[in-house]
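Topology and contacts: notes
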Amino acid sequence: MRRYRKWAWGLGIASVTAVTAFGVASWQANAAPPPSTPPAAAGNEQPSVSDPNPGPEPAAGTGVDALTTGEVGKARKIAETTALTAGAKDVTGATGIEYLSAEIVEADEGRRAELYYYDYKSNKLVKQVVDLAAGKLAGSYSAAGLQLPAADREVTTALDMLLADPLASDLKDAYKQATGQPFAGKDGLVTTAHVFNAKAADSGTSQCGKHRCLQLIVETKDGHIIDLDKIIIDLSGRTVARLS
């Protein structure tokens, strides 16, 4: 699972700081060297083959183990309440809420999951805390102006928005310049994205930060980088702009 740093939440949301302690070990200067191991006799080595299959994923983890697929599914069923989804919008504009990620929470007892969502109607990041052992929602929080890294579905939506916009010509031109070939469609692209927050001088993207906006990172499957640094996709406002 991808893990994210804890966010400082208003209205009673605690921020968590991890503190790691380092121990220092010292060697004795006069320690005798360990006895050497005699080499194995020729012909006595037994061939071995490692099994690349890690085996089935456990239904649930223990302690602070990463959430299993089953735990994420269980947590989402609990977290995605009618109250959460009925008045929200996902990245496509449909009724619902956009799921971003989930992670385990350090707790004194049991296992708790924090699930992060984005509501494109209110432009708020939402955190749902689920007590997996009790099978219940343990807390719900939301805040404007906080942005987690983009989820895969958001990246796909942003690319589709660009391809449907007149500024798709920038992508096609950059593709031809990088590869020497005409643009052949998105199937040949590997796309990720940065979340973009506008600076005061950025014209046409002033809402980015309040809105959820992405700056695409595009390359071909054979490693050619497609320069789209100036193109910003506002997923909240459903617009595409070029930075001046």
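Residues numbered from 1 in each chain as written. Predicted model: local features only at pLDDT ≥ 70, side-chain atom pairs only at ≥ 80, totals over all residues. Heavy atoms only, no water.

It is worth spelling out the pairing of strand S1 (residues 98-105) at this point. The buried fraction of S1 amounts to eight of the eight residues, a majority that puts the element mostly inside the structure. Of the pairings in the sheet, the one linking S1 to strand S2 (residues 112-119) comprises seven bridges and is antiparallel in character. Directly across from Val105, in S2, lies its bridge partner Arg112. (Buried < 20%, exposed > 50% of the residue type's maximum accessible area, 1.4 Å probe, protein only. Helix = DSSP H or I, 4+ residues; strand = E, 2+ residues; numbered from the N terminus. Pairing = 2+ DSSP bridges.)

So, on to the state of the cysteines. Within this structure, the stated rule accounts for one disulfide. Put simply, Cys208 and Cys213 are joined by a disulfide, and their sulfur atoms are 2.2 Å apart. As the torsion about the S-S bond is roughly -85 degrees, the Cys208-Cys213 disulfide counts as left-handed. Look at Cys208 and you get buried, because its relative accessible area is 6%. Classification of Cys213 by relative accessible area gives buried; the value is 0%. (Disulfide = S-S within 2.5 Å.)

A few words on the pairing of strand S3 (residues 124-131). Moving residue by residue along a regular strand, the side chains alternate between the two faces of the sheet. Most of S3 sits inside the fold, with seven of its eight residues counted as buried. As judged from the eight bridges shared by S2 and S3, these two strands associate in the antiparallel manner. Following the sheet pairing, Arg112 is matched in S3 by Asp131. Connecting the antiparallel pair S2 and S3 is a turn made up of four residues, with Asn123 showing a positive phi of about 55 degrees. Note that S3 and strand S4 (residues 136-144) share eight bridges and pair antiparallel. Looking at S4, one finds that Lys124 is bridged to Ala144. Counting the residues that bridge the hairpin from S3 to S4 gives four residues, and of these Gly135 lies at a positive phi of roughly 65 degrees.

We now examine the confidence of the model for the chain. Averaged over all residues, the pLDDT of the chain equals 82, while 74% of them reach at least 70. Across residues 1-8, where pLDDT falls below 50, the model places 26 contacts with residues more than four positions away in sequence or in other chains. Counting interchain partners and residues more than four positions distant, the pLDDT-below-50 stretch residues 10-35 has six contacts. (pLDDT = per-residue confidence, 0-100. Contact = heavy atoms within 4.5 Å.)

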